[in-house]
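Structural overview for review
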Amino acid sequence: MSQLMQEMSDKALARNIPLSVQVDLTYRCNERCVHCYLDHNDHGEMTTAEIKHLMEEMAEAGVFILTFSGGEIFLRKDFFELLEYARHLTFCVKLKTNAVLIREREAARLRDLGVESIQISIYSHRPEVHDAITLVPGSLKRSLAAIRFLKSQGLKVTIANVLMTGNMQDYPGVQALAAELGVKCTLDPTVTPMMDGDRSILKLAVDQSALRQVFRDQSLVGDADEFCAIAAPASEDTLNSIPCSAGHTACYVSPYGDVFPCVQFPLPTGNVRQQRFIDIWRYSDRMNDVRSIRLKDLTTCTSCTHVSSCTRCPGLAFMEGNMRGPSSQDCEKSFVRTGVPSANMLSKQRPAANLVQIQTLPALAMA
Amino acid sequence: MSRLYVARNPRAAARSLDGEMMIMSGRDSTLFTLNRTATILWQSADGTTPLDEIVARRICPEFEVEPGVALQDAENLARELARHEIMQLSETPIETKRNPPAGDAR
């Protein structure tokens, strides 16, 4: 983040302004990615008019960065109408797509409409691996063709790769592909539970050994020793800081109008079909509850060695049952990164230790 | 002497954050914040009002500045914003069909 953007973000935080919002236009999709957390059936998406009205409310509320995502955004027949309206309202528009439906004409239109950037999911440089994840034969070929169309229009593209057991060995290939295409590349080792709470897809996540390899890869993390070092004890300022931007300067709106603190934080705070966006943002009890949390308020994590360096996601913690609690997936990452177990991991070991101690007491008494 | 017309570049993104105008260049995503004078210029840049009129009607009354000096400063500022593709400049009125709103709903 640039210094100026950080300043604007700080200002938005101080003024309670939702600087950045992701709107999922649909959960329908033309791919069936094995790790996807969404229900792809349409349960009553917002209409064109409803989304336009929402955009007007968001502009009024001060939203600057508007991310359109899904599902697959190009499955909405009104996609370009919505995009045109978003740009008319002078949002900085970012897109997340699999790009399968983008050809020369669509790429040129995206350029004309002044889209800021497009994030495209690519899981491998090998069709047999990528297509086995999307479950759509030929999808890698089409997504890569789209990236070339977009680049030829001078648009900014980022490849987003999710690291899983099925593509673990291919991330260097994806990085090389990104370099060849002249685009950025991100790698995320987090598999998110289904929105209904089903955690079965977490079995697709890479194991600790693979994660360790990633955290030691200098092409990803820079100085691996520095990246894997144990952080200094948390300062007072750190403990008084917010966990992340969710509910503070950012939020998420589903295709059905439900507002959440983040796409990965399924705590419903209101619905824009019933309330004004700004009223949900400002006055929702749940949003304000999320907003009230500081690192010092976290159960377990406050006493953890990793509290100042952990990637703890409040949404993942919420999905585990407590938004003030730890996120086990992030505990595991901190452990793999540094070799030091988190406070959460240690607390889970403690009952066994207590049991041993209870058993020894009678023995001592008998002696 | 020819007059200068200014219009907001439709490729730029803009929003007023508590009175401070944030603009993102459509060319390279560089973020700018505009000071009070630049904000007035941005808000007034409809493509059809000549720059000297914007200066006379909007800037001079606000800042109590000599009109000639204000016009020169405004022209320099407009050229600087045009260099970053935030604004468009022309010696003839600029087609306003695609001229976006100023992004200052707040």
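A quick note: this is a predicted structure, and the numbers were derived from the prediction, not measured.

1. Side note on the overall build of chain A
Across its full length, chain A holds 16 helices and nine strands. Its C-alpha atoms give chain A a radius of gyration of 22 Å, near enough to 21 Å, the size a compact globule of 367 residues would have. Each principal axis of the C-alpha distribution contributes one length, and for chain A these read about 85 × 50 × 40 Å. Across the 367 residues in chain A, those meeting the buried criterion constitute 50%. For chain A, long-range pairs separated by at least 24 residues make up 70% of all intrachain contacts whose partners lie at least 6 apart in sequence. Split by element, the accessible area of chain A, about 16600 Å² in all, is 53% carbon and sulfur. Of the charged side chains in chain A, 38 are positive and 41 negative, and the gap between their average positions amounts to 1 Å.

2. Remarks on the overall build of chain B
When helices and strands are tallied, chain B shows three helices and six strands. For 106 residues, the compact-globule formula gives about 13 Å, and the C-alpha radius of gyration of chain B, at 13 Å, lands near that figure. Considered along the principal axes of its C-alpha atoms, chain B spans approximately 35 × 30 × 20 Å. Taken over 106 residues, chain B has a buried fraction of 47%. Counted over contacts in chain B with a minimum sequence separation of 6, partners at least 24 positions apart contribute 64%. Surface exposure of chain B reaches about 5200 Å², of which carbon and sulfur atoms provide 46%.

3. Structural notes on the nonpolar core
Proteins that are soluble and globular tend to have nonpolar side chains buried together. Counting 56 residues, the largest nonpolar core has Met55, Met58, Phe68, Phe79, Phe91, Leu110 and Phe277 of chain A as its most contacted members. Aside from chain neighbours lying at most four places away, what touches Phe277 of chain A is Pro18, Val21, Leu54, Glu57, Met58, Ala61, Val63, Cys251, Val253 and Val272 of chain A. In this structure, Leu4, Ile23, Leu81 and Ala102 of chain B belong to the second largest nonpolar core, which totals 25 residues.

4. Section: helix H3 (residues 79-88) of chain A
When you tally the buried positions in H3 of chain A, you get seven out of 10 residues, the bulk of the element. For H3 of chain A, the complete set of buried residues consists of Phe79, Phe80, Leu82, Leu83, Tyr85, Ala86 and Arg87 of chain A. Contacts from the buried residues of H3 of chain A go to helix H2 (48-61), strand E2 (65-69), strand E3 (92-97) and helix H4 (104-112) of chain A together with strand E2 (13-17) of chain B. Backbone geometry just after H3 of chain A places Thr90 of chain A at a positive phi near 60°.

5. Examining the environment of Ser303 of chain A
Residue and element names in this part refer to chain A. You can see Ser303 is positioned in the loop between helix H13 (285-291) and helix H14 (314-319). Given a relative accessible area of 62%, Ser303 falls into the exposed group. Considered as a pair, Ser303 and Ala234 are 69 residues apart in the sequence and their alpha carbons are 9.5 Å apart. A distance of 2.9 Å separates the side chain of Ser303 from the backbone oxygen of Thr300, its partner in a polar contact.

6. Observations concerning the sheet that holds strand E1 (residues 20-24) of chain A
Hydrogen bonding along the main chain pairs the strands of a sheet, whether they run parallel or antiparallel. Strand order in the open sheet made by the nine strands is E6-E5-E4-E3-E2-E1-E7-E8-E9 (chain A), with mixed pairing throughout. Looking at which strands have only one partner, the edges of the open sheet turn out to be strand E6 (184-188) and strand E9 (270-271) of chain A.

7. Side note on the packing of H2 of chain A against H3 of chain A
Residue and element names in this part refer to chain A. Following both chains from N to C, one finds H2 and H3 inclined at 15°, their axes separated by 10 Å at the closest point. Taken together, H2 and H3 sit at an angle that is classed as roughly parallel. As H2 packs across H3, the resulting crossing turns out to be right-handed. Where H2 abuts H3, its residues Thr48, Ile51, Lys52, Met55 and Glu56 lie against Glu81, Leu82, Tyr85 and Ala86. In terms of residue class, the contact of H2 with H3 is made up of five nonpolar, one polar and three charged.

8. So, the packing of aromatic side chains
Residues and elements named next belong to chain A. Applying the stated rule across the entire model yields eight aromatic pairs over all chains. Here a set of aromatic residues connected by ring pairs shows up, and it is made of Phe68, Phe74, Phe79 and Phe80. Geometry around Tyr85 places Lys52 over its ring, the cationic atom sitting 5.3 Å from the centre. One cation-aromatic arrangement involves Arg337 over Phe227; the distance from NZ or CZ to the ring centre is 5.9 Å.

9. Details of the interface of chain A and chain B
Contact with chain A, which involves 26 residues of that partner, is made by 21 residues of chain B. Of the roughly 2100 Å² buried at the junction of chain A and chain B (both faces included), carbon and sulfur atoms supply 58%. When the buried surface of chain A facing chain B is broken down by residue, Met8, Phe64 and Thr90 of chain A rank first, second and third, together holding 27% of it. Across the contact surface, chain A and chain B share two salt bridges. For Lys11 of chain A, the salt bridge identified is with Glu20 of chain B, shortest N-O distance 2.7 Å. Counting across the interface, chain A meets chain B through 13 residue pairs in polar contact (both at pLDDT 80 or more). Breaking the side of chain A that touches chain B down by element, the ones donating at least two residues are helix H1 (3-15), H2, H3 and H4 of chain A.

10. So, the confidence of the model for chain B
Residue and element names in this part refer to chain B. In the predicted model, chain B carries a mean pLDDT of 88, and the fraction of residues at 70 or more is 92%. Looking across chain B, the model is least confident in helix H1 (residues 36-44), with a mean pLDDT of 91, and most confident in strand E1 (residues 5-8), with 96. Under the prediction, the complex receives an ipTM of 0.87, its pTM being 0.92.

Procedures and definitions
- Residues numbered from 1 in each chain as written.
- Chains lettered and ligands numbered in written order.
- Predicted model: local features only at pLDDT ≥ 70, side-chain atom pairs only at ≥ 80, totals over all residues.
- Heavy atoms only, no water.
- Helix = DSSP H or I, 4+ residues; strand = E, 2+ residues; numbered from the N terminus.
- Rg over C-alpha atoms; globule rule 2.2 N^0.38 Å.
- Buried < 20%, exposed > 50% of the residue type's maximum accessible area, 1.4 Å probe, protein only.
- Contact = heavy atoms within 4.5 Å.
- Areas by Shrake-Rupley, 256 points an atom, 1.4 Å probe, with all protein chains shown as cover.
- Lys, Arg positive; Asp, Glu negative; His and termini not counted.
- Charge placed at Lys NZ, Arg CZ, Asp CG, Glu CD.
- Core = buried A, V, L, I, M, F, W, Y, C linked by side-chain atoms within 4.5 Å.
- Polar contact = N/O pair within 3.5 Å; in protein donor to acceptor, adjacent residues only side chain to side chain.
- Pairing = 2+ DSSP bridges.
- Axes fitted to C-alpha atoms, helices over the stretch in contact; angles between N-to-C directions.
- Parallel < 35°, antiparallel > 145°, perpendicular 65-115°, else oblique.
- Left-handed = near helix turned anticlockwise from the far one by under 90°.
- Nonpolar A, V, L, I, M, F, W, Y, C, P; charged D, E, K, R; others polar.
- Phe/Tyr/Trp six-rings, centres within 6.5 Å; stacked < 30°, edge-to-face > 60°.
- Lys NZ or Arg CZ within 6 Å of the ring centre and 35° of its normal.
- Buried area = accessible area lost by both parts, 1.4 Å probe.
- Salt bridge = Lys/Arg side-chain N within 4 Å of Asp/Glu carboxyl O.
- pLDDT = per-residue confidence, 0-100.

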